[in-house]
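Okay, here's what each chain looks like letter by letter:
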Amino acid sequence: MASAATPGSLSFLPTTSSRTTSRNRYTPSLSTAFLRTPLRRLGFSSVAIDPLLSLHVAAKTRSIQGKGVKGVVSMVKKSVGDLTASDLKGKKVFVRADLNVPLDDNQNITDDTRIRAAIPTIKHLISNGAKVILSSHLGRPKGVTPKFSLTPLVPRISELLGIKVEKADDCIGPDVEKLVAALPEGGVLLLENVRFYKEEEKNDPEFAQKLASLADLYVNDAFGTAHRAHASTEGVTKFLKPSVAGFLLQKELDYLVGAVSNPKRPFAAIVGGSKVSSKIGVIESLLAKCDILLLGGGMIFTFYKAQGLSVGSSLVEEDKIELATSLLEKAKALGVSLLLPTDVVVADKFAPDANTQIVPASAIPDGWMGLDIGPDSIKTFNAALDTTKTVIWNGPMGVFEFEKFAAGTEAVANKLAELSGKGVTTIIGGGDSVAAVEKVGVAELMSHISTGGGASLELLEGKQLPGVLALDEAVPVPV
Ligand code: AMP
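For every chain, the first residue of its written sequence is number 1, and the numbers climb from 1 along that sequence. Side-chain atom pairs in this predicted model are given and counted only at pLDDT of 80 or more, local residue features only at pLDDT of at least 70, and totals for whole chains, interfaces and linings cover all residues.

The name given to the protein chain in an unreviewed UniProt entry is Phosphoglycerate kinase, with Thalictrum thalictroides as the source organism. UniProt positions are given in the numbering used here, feature names are shortened, and annotations may be inferred rather than shown by experiment. Per its UniProt entry, the protein chain bears the Subunit (unreviewed entry) comment "Monomer." Heading Catalytic activity (unreviewed entry) of the UniProt record for the protein chain holds this comment: "(2R)-3-phosphoglycerate + ATP = (2R)-3-phospho-glyceroyl phosphate + ADP".

**Examining the sheet that holds strand S11 (residues 343–347)**
Here, any two strands with at least 2 DSSP bridges between them count as paired. Segments assigned H or I by DSSP are reported as helices when at least four residues long, segments assigned E as strands when at least two residues long, and all are numbered from the N terminus. The three strands are arranged S12-S11-S13 in an open sheet whose pairing can be described as antiparallel. This sheet does not close on itself; its edge strands, each paired only once, are strand S12 (356–360) and strand S13 (369–373). The mean angle between the axes of side-by-side strands here comes to 40 degrees, regardless of whether they run parallel or antiparallel. With four bridges joining them, S11 and S13 adopt antiparallel strand pairing. Counted as the bridge partner of Val 345 is Asp 372 from S13. Where helices are involved, their axes are fitted lines through C-alpha atoms of the stretch in contact, as for all axes, and angles between N-to-C directions lie from 0 to 180°.

**Remarks on the sheet that holds strand S9 (residues 292–295)**
Read across the open sheet, the six strands follow the order S10-S9-S8-S14-S15-S16; overall the sheet is parallel. The open sheet terminates on both sides in strands that have one partner only, identified here as strand S10 (337–339) and strand S16 (448–449). Here strand S15 (residues 425–428) runs beside S16; their pairing, made up of two bridges, is parallel. Within S16, the position partnered with Ile 428 by the bridge is Ile 449. Any residue pair is listed as a contact if its two C-beta atoms, each placed from the backbone, are within 7 Å. On top of the sheet, helix H16 (residues 432–440) reaches strand S14 (390–394), S15 and S16; it is set at about 115 degrees to S15, its chief contact.

**Structural notes on the site of the ligand**
Using the backbone to place each C-beta atom, any residue with that atom within 6 Å of a molecule or strand is considered near it. Near the ligand, the surroundings consist of 16 residues, among which Gly 273, Ser 274, Gly 298, Gly 395 and Val 399 are the closest. Taken together, the residues that form the shell around the ligand break down as four nonpolar, nine polar and three charged. Gly is put with the polar residues, along with every residue not named as nonpolar or charged; the nonpolar set is Ala, Val, Leu, Ile, Met, Phe, Trp, Tyr, Cys and Pro, and the charged set is Asp, Glu, Lys and Arg.

**Overview of helix H15 (residues 407–421)**
Each helix should span, by expectation, one fewer than its residue count multiplied by 1.5 Å. Here H15 contains 15 residues, and its C-alpha end-to-end distance of 21 Å stays within 8% of the 21 Å for a straight helix at 1.5 Å per residue. Within H15 the residues assigned to the buried category are Gly 408, Thr 409, Glu 410, Ala 411, Val 412, Ala 413, Lys 415, Leu 416 and Leu 419. Immediately downstream of H15, the backbone of Gly 423 shows phi near 95 degrees, a positive value. Residues with at least 20 neighbouring C-beta atoms inside 10 Å of their own are called buried, those with 12 or fewer are called exposed, and the rest are partly exposed, where every C-beta is derived from the backbone.

Next up, the structure:
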């Protein structure tokens, strides 16, 4: 039988012994030993203009050597930063990027973030004399669909690289081969949308071989599609050696895997969003790593119900009540401080103009639904966050799309911005939390903002991404 304790009492403060046990299970492995050095602040929006980014991975490896650690660093993917002019000069490099930018009805780019994010890798390659064959998907075309052509991207890519980028009307075939043959060292050829071929998403080996036959080596910088085994993200690696990670992909791994597996402690995870069911994997995986877990969003009502509370007409997943109970027990067993909101903003309907009131979590009136966390919860969450050195956030605290229910989410965004300024590592783990920090105007202040929705969720769930798995291992560095 679930306990009838108020959610406010759900602060399972860790005991020394339980913490020690959990800590022991997460002794840093040699593969993540490099993260003992402070992480550089590489806010996503600064990636494109960070002149040092191209040295990021190589520098990281060197920094281990400097520390005099004994052992071998393995399981780190080989990076484009490991490739020097002697590896690259005159070589044809197939670069899979995520250039899936939004376009308006007149084919104007409305947000060029993804293009800017791909630039450091391309610049590193062309400045070392490589010939870049650039590939991406755009939208969800069914066969050749002119409105999903990559042609409108050419002027912006050219402008950012400072060279004239050539464009092919296809991504395989004799015409493309001719353009590749004519590419000068330091030149860039943009291939047409790789998803114009259904074989791309089917990871068809023949199609992958055709793509690969254009190049000598492969760089994957498309984090947003790394969780998909497609021909241009996974299939091509069977035919191209080396196959390495681009700088953007590497940075996502550094933060979403590295910093999360071996965090500066105390480490807090904030998980929100609509449903428990879509975040089970993330909660379970983070529970095993974090010291503090803050929960918000629609999922909290399933947890309240698990404790015998009335939740009015709030969102509840009846079939996940047992799971919520077991997650609460798991947190306790692991010595994780799990905080549920103590008060909520309730509404009489799901609408921007709903009537609202703030009530304790234990007193949600019948017929009212909880759509945001309340001011007491914000205070408690802020106090908990003040104790941390690393924070990861995935999912909004309320229905932040409606102004009346945005305060909780915006408070978290502002708190993380403040903590970033104090040297706390702040990681925004994709999806709606990214939209929230952008809305509040604090995106630039975060240590890392993930560029991938599905891919970051899968990484946070502890899954291996096929597009990453397929890449070559970094050469073990004796240190
Ligand atoms: P997710 O994609 O699972 O991260 O969920 C994000 C969505 O959760 C956003 O569109 C929010 O509007 C929604 N959400 C957050 N809090 C609530 C809530 N209390 N009730 C219903 N939906 C919510």
